[in-house]
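Architecture and fold: a report
The lines below spell out each chain.
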Amino acid sequence: MATVDRARNATSETSPQLDGGDAAAATAAHVEVEALRAQLTLAEKASLMSGANYWNSKAVDRLSIPSMMLTDGPHGLRKQGGAVDHLGLNASKPATCFPPAATLANSWDPALTRRVGEALGTEAAAEDVSVLLGPGLNIKRNPLAGRSFEYFSEDPLLSGTLAGAMASGIQSQGVAACLKHFAVNSQETHRMTIDEVVDERALRELYLEGFRIALKTSGAWSVMSSYNKVNGTYANENPHLLTDILRDEWAFDGLVVSDWGGNNDRVAAVAAGSALEMPSGDGVTDAEVLAAVQNGSLSEADLDARVDEILTLIARTAGAREAAEPANHVAHHALATAAARQSIVLLRNENAALPLAPASFSGRVAVIGDFAATPRYQGAGSSLVNPTRLDSALEALQATDLDVIGYEPGFARMDKHSSRKRDRALHLAATADAVLLFLGLDESAEAEGVDRKHMRLADNQLELVEALVHQAADTETRIVVVLAGGAPVELPFAERVDAILHTYLPGQGGGPAIADVITGAVNPSGRLAETFPVAYADVPSSRDFSLTQATSEHRESIYIGYRHADKVNAAVRYAFGHGLSYTQFAYSDLTVNRRSATVTVTNTGDRAGTETVQLYVEAPDGAEGQFRAVRELAGFAKVTLEPGESATVKIGYREHAFDVYDAAAGKWRRVGGDYTVRVGASSRDLRLDAPLTVAGKPMPEPAAALPHYVSGEVAGVTSEEYEALLGRPLPPQDWPKDAPLTRADLVAQCKGRGGFASLLYWVIDSAGSVLMALGRPIDANNTKFVLELPFRSIARLTGGGADDAMVDGLLLMVNGRFWRGLRELTAAWFALRRRMRADKHSQEG
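Read on for an overview of the structure. (Residues numbered from 1 in each chain as written. Predicted model: local features only at pLDDT ≥ 70, side-chain atom pairs only at ≥ 80, totals over all residues. Heavy atoms only, no water.)

Some words on the overall build of the protein
Across its full length, the protein holds 25 helices and 29 strands. Taking 845 residues into account, the globule formula puts the C-alpha radius of gyration at 28 Å, and the protein, at 27 Å, falls close to it. Along the longest, intermediate and shortest principal axes, the C-alpha atoms of the protein span 75 × 65 × 60 Å. A burial count over the protein gives 61% of its 845 residues as buried. Across the protein, contacts joining residues at least 24 apart in sequence account for 76% of those joining residues at least 6 apart. (Helix = DSSP H or I, 4+ residues; strand = E, 2+ residues; numbered from the N terminus. Rg over C-alpha atoms; globule rule 2.2 N^0.38 Å. Buried < 20%, exposed > 50% of the residue type's maximum accessible area, 1.4 Å probe, protein only. Contact = heavy atoms within 4.5 Å.)

Here's the deal with the pattern of salt bridges
The tally for this structure, following the rule as stated, stands at 60 salt bridges. In this structure, R62 and E44 form a salt bridge, with 2.7 Å as the shortest nitrogen-oxygen distance. Highlighted residues: R62 in the loop between β2 (50-51) and β3 (70-72) and E44 in helix α2 (residues 42-47), separated in sequence by 18 residues. The exposure class of E44 is buried, given its relative accessible area of 16%. Taking the shortest distance from any N to any O, the salt bridge between E277 and R796 comes out at 3.3 Å. Of the two residues, E277 is situated in strand β11 (residues 277-280) and R796 in helix α23 (residues 791-797); the sequence distance between them amounts to 519 residues. In this structure, E277 and R796 share a single accessibility class: buried. Beyond isolated ion pairs, a larger network of salt bridges with shared partners links R147, E150, K180, E188, R191 and E448. (Salt bridge = Lys/Arg side-chain N within 4 Å of Asp/Glu carboxyl O.)

A look at the packing of helix α6 (residues 200-207) against helix α7 (residues 209-218)
Running from amino to carboxyl end, α6 crosses α7 at an angle of 40°, the nearest separation of the two axes being 5 Å. As the angle between them shows, α6 and α7 are arranged oblique. Within the contact between the two elements, α6 uses R204, E205, L206 and Y207 and α7 uses E209, G210 and F211. Its residues assigned to classes, the contact of α6 with α7 shows 3 nonpolar, 1 polar and 3 charged. (Axes fitted to C-alpha atoms, helices over the stretch in contact; angles between N-to-C directions. Parallel < 35°, antiparallel > 145°, perpendicular 65-115°, else oblique. Nonpolar A, V, L, I, M, F, W, Y, C, P; charged D, E, K, R; others polar.)

Brief notes about the packing of aromatic side chains
Tallying each qualifying case throughout the model produces 18 aromatic pairs. Connected via pairs of aromatic rings, a cluster forms that spans W108, Y562, F576, Y616 and F636. Positioned over the ring face of Y234 is R792, at 5.2 Å from the centre of the ring. (Phe/Tyr/Trp six-rings, centres within 6.5 Å; stacked < 30°, edge-to-face > 60°. Lys NZ or Arg CZ within 6 Å of the ring centre and 35° of its normal.)

Quick look at the environment of L208
The residue L208 is located in the loop between α6 and α7 in this model. A relative accessible area of 1% places L208 in the buried class. Once you skip the residues sitting within four places of it in the chain, L208 turns out to touch F182, A183, L203, L241, I245 and W250.

Regarding the layout of surface pockets
For the largest pocket, the calculated volume is near 1300 Å³. What lines the largest pocket is a set of 43 residues, among which T189, V450, D451, K453 and K784 lie closest to the centre. Elements represented by at least two residues in the lining of the largest pocket include exactly α16 (459-471), α21 (755-773) and α22 (777-785). Here the lining of the largest pocket takes 5 residues from α21, the largest share from any one element. In terms of residue class, the lining of the largest pocket is built from 14 nonpolar, 15 polar and 14 charged. (1 Å grid on protein atoms, 1.4 Å probe; cavity = no way out; pocket = protein on both sides within 12 Å on 5 of 7 lines; lining within 4 Å. Points joined across faces, edges and corners; volume = space filled by probe spheres on them.)

Quick word on empty space enclosed by the protein
To locate leftover empty space, one rolls a probe as large as a water molecule over the atoms. Applying the stated rule across the entire model yields 11 cavities of 30 Å³ or more. Considered as a void within the structure, the largest cavity measures approximately 200 Å³ in volume. Around the largest cavity, the lining is made up of 18 residues, and of these E154, T531, P533, V539 and G561 lie nearest the centre. Class assignment for the residues of the lining of the largest cavity results in 9 nonpolar, 4 polar and 5 charged. Elements with a minimum of two residues in the lining of the second largest cavity: β15 (434-440), β16 (478-484) and α17 (510-519). Considering only residue class, the lining of the second largest cavity consists of 12 nonpolar, 6 polar and 2 charged.

Brief notes about the sheet that holds strand β29 (residues 686-694)
For sheets, the rule is that strands pair by backbone hydrogen bonds, running either parallel or antiparallel. Spatial strand order, β24-β23-β28-β29: 4 strands in an open sheet with antiparallel pairing. Pairing within the sheet leaves two strands with one partner each, and these edge strands are β24 (631-641) and β29. On average, adjacent strands in this sheet sit at an angle of 20° to one another, irrespective of strand direction. Where strand β23 (residues 609-618) meets β24, 10 bridges bridge the pair, whose relative direction is antiparallel. What sits directly across from L615, in β24, is G635. (Pairing = 2+ DSSP bridges.)

Here we look at the sheet that holds strand β7 (residues 222-225)
Read across the sheet, 5 strands follow the order β3-β4-β5-β7-β10 without closing on themselves; strand pairing throughout is parallel. The outermost strands of the open sheet, each flanked by one partner alone, are β3 and β10 (255-257). Taken over all neighbouring pairs, the strand axes of this sheet differ in orientation by 30° on average, direction set aside. Most of the contacts of helix α5 (residues 156-171) go to strand β5 (residues 176-182), to which it runs at about 145°, and overall it touches β4 (131-133) and β5. Contacting β5 and β7, α7 crosses the sheet at an angle of about 170° to β5.

Topic: the side chain of K180
Turning to its location among the elements, K180 is positioned in strand β5. Side-chain polar atoms of K180 contact the backbone oxygen of L133, separated by 3.0 Å. (Polar contact = N/O pair within 3.5 Å; in protein donor to acceptor, adjacent residues only side chain to side chain.)

So, the pairing of β29
Bridge count for strand β28 (residues 673-680) against β29 is 8 bridges, and the pairing is antiparallel. Looking at β29, one finds that G673 is bridged to V694. Hairpin connection of β28 to β29: 5 residues between the antiparallel strands.

Remarks on the side chain of R631
With respect to the helices and strands, the residue R631 is situated in strand β24. Looking at R631, the relative accessible area reads 15%, which means it is buried. At a separation of 3.2 Å, a polar atom in the side chain of R631 contacts the side chain of D566. One polar contact links R631 to E618, side chain to side chain, over a distance of 3.0 Å. In this structure R631 touches Y562, D566, Y616, V617, E618, R678, S683 and L686, once residues within four positions along its chain are discounted.

Digging into the state of the cysteines
Under the counting rule described, the total for this entry stands at 0 disulfides. Here C97 is not disulfide-linked; the sulfur of C178 is the nearest cysteine sulfur, at 20 Å. For C97, a relative accessible area of 0% translates into the label buried. Exposure remark for C178: the relative accessible area of 0% places this residue in the buried category. (Disulfide = S-S within 2.5 Å.)

Structure follows, in structure tokens:
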């Protein structure tokens, strides 16, 4: 038996190191930035605090300071060449659509995500883009969050490691990565004003830890603040986040940019550490910054620090634009396909129903399900990519040696009833030996700006599954479900089908990747980066997620995903880290010390395969009687082995593997005791364990007022218990009913106010409903997104089509002063048009 020593893609929290030459260059660059800033007038410095237009920062021509282009791109470049917007409404230039973060996370492969980052950086540089707005790495608190497809995991180590690798790849091409959304962007409902109320320990251990790891391992040059408030203060003007933690504690030396339209108080943001407001503030916020410095409410030192951050980023990214070469879209499509292959997860495979290898399976195959021909391969919103090509699974399967006898869609998207589609699918299935049933979440279910309403598949899909299972009950027909979607779904049929293959959202190369895994040309190696609960009610935040108006209370604290399920020993459909292979792996010879664990992994099957070895640290006494998770991921590594081959895998512990965050002391605390180190194939499939004694202080005694945090039964947390954990009273959950609406309020707050306010709400809501009924879900969701805009953002996100004076007129109208507001809005509209004509004539002259 061959034995090799290796640990491919093992976790490591190593900071990028500067050699002597790099350090000297950095010092020289800093001196140059200071010298350049000294030549700027106060007005010019203030002007750099906001964008020139929708996608560009301002230039200062007299000093040869260039503009930077910032554009979307967590999984593909979205550079718009014509009409611009933030939600994917208008077409962008063709670019490679890689699998989104939720899919790539299932690879557990930092080397792969780095390669994807390198390709993203190459395409960005070729299009003269300085800052690529990604990756996103918010923690997946709840599976209904509409933007889950854009984030990696429920675990901060996995999220931070993969995001850091991607950011490193992007920046290797001289393009700035922009880690987003900092911080606690946990829902889409009311995301631009919602107050995420979270205790400091959960904030540090979960919601910020991934960002810390990603910044430490990549040295990312920019960070995007989130729209929401965190504990009462907007993230973009939150000094605790942007100054105390990001800069003072983590030593971040890059630039913070607002999310588009996310500026609330520009002066407060500059003081807190946010350098760049995007898109353009049309000069309004520049004037506010200038006036604040002149009247002393903003120090010029704070403004200078933000100017330095902008100038430094311009300098860091200048070389990429000068040296850029055309992107190799053919090679990048091949990489996108390879990434999909490594990210597909085999959830179930009873009696080796898969693979359908043409050499050993000669039966007839029916392909059923609309997603086979019209794939779900990415999410919707600001990350919507115009792919360079798109391959469907149906086309790829038909190109194999399988005997594909036909295809039927079986159901209509958006849960539209069609007995004819179902009956034709059943008729085709009756003649097949294997049915490949493509199910999933359609475009109406997952999008930026909209949270899902439930965790179920569409009713018409569930009805089709039941009918197919019933029809095949007395036959040997294999039912193989192929899922698509960016987040967990309930799978009530899981035990009654033969196999389940989850593709997540596989990007533009997903079709061939799916066919390769089904036929066995590729051995699946994906592992879930999040827990699949049996039912939505099992999710600890399910009781009130996205149901309150003004706040979102994180009453579950540290108990999300597997941390909660393992604490209360809850049944799960599929565990965190779960994924099957067409071969088998055995674990042996576990040894541990204070720095790492070493284990031997052997491929005991008859074909080559890749195993993801997962390392967990279990708290002393299984966290019994402690406000602490039972076990947490402490490291991981991937190893590829031939049949009969063994490898010795060494995995280091993450930095805080034996720590908790002591909120009272404001620092991490090493907790001593007798730990258990476990290794295995998922959080519930742990093969070996070994004891490890760690020196440190005892676990803080939990307060008597926190019984549910000790037991983990957080569904029972009362307002009083949560206030005891927070150490402060809870703010009101809902909006005030009678107060006049202001620029800081959402358009959605017009609902139920009567008069023009209710009419405005009804028009927008009805337009979205009509578009949904017409089968245009992306347009429908984007239309309804207008309801989630604060009035202050209307002027920023209309590309100059409106200004604050017009918004003030609209506010008068919705606050019951219709005619006066209409007069002011009309006057402001004409004044804006006159200014626009004057500016045009000035430019032409």
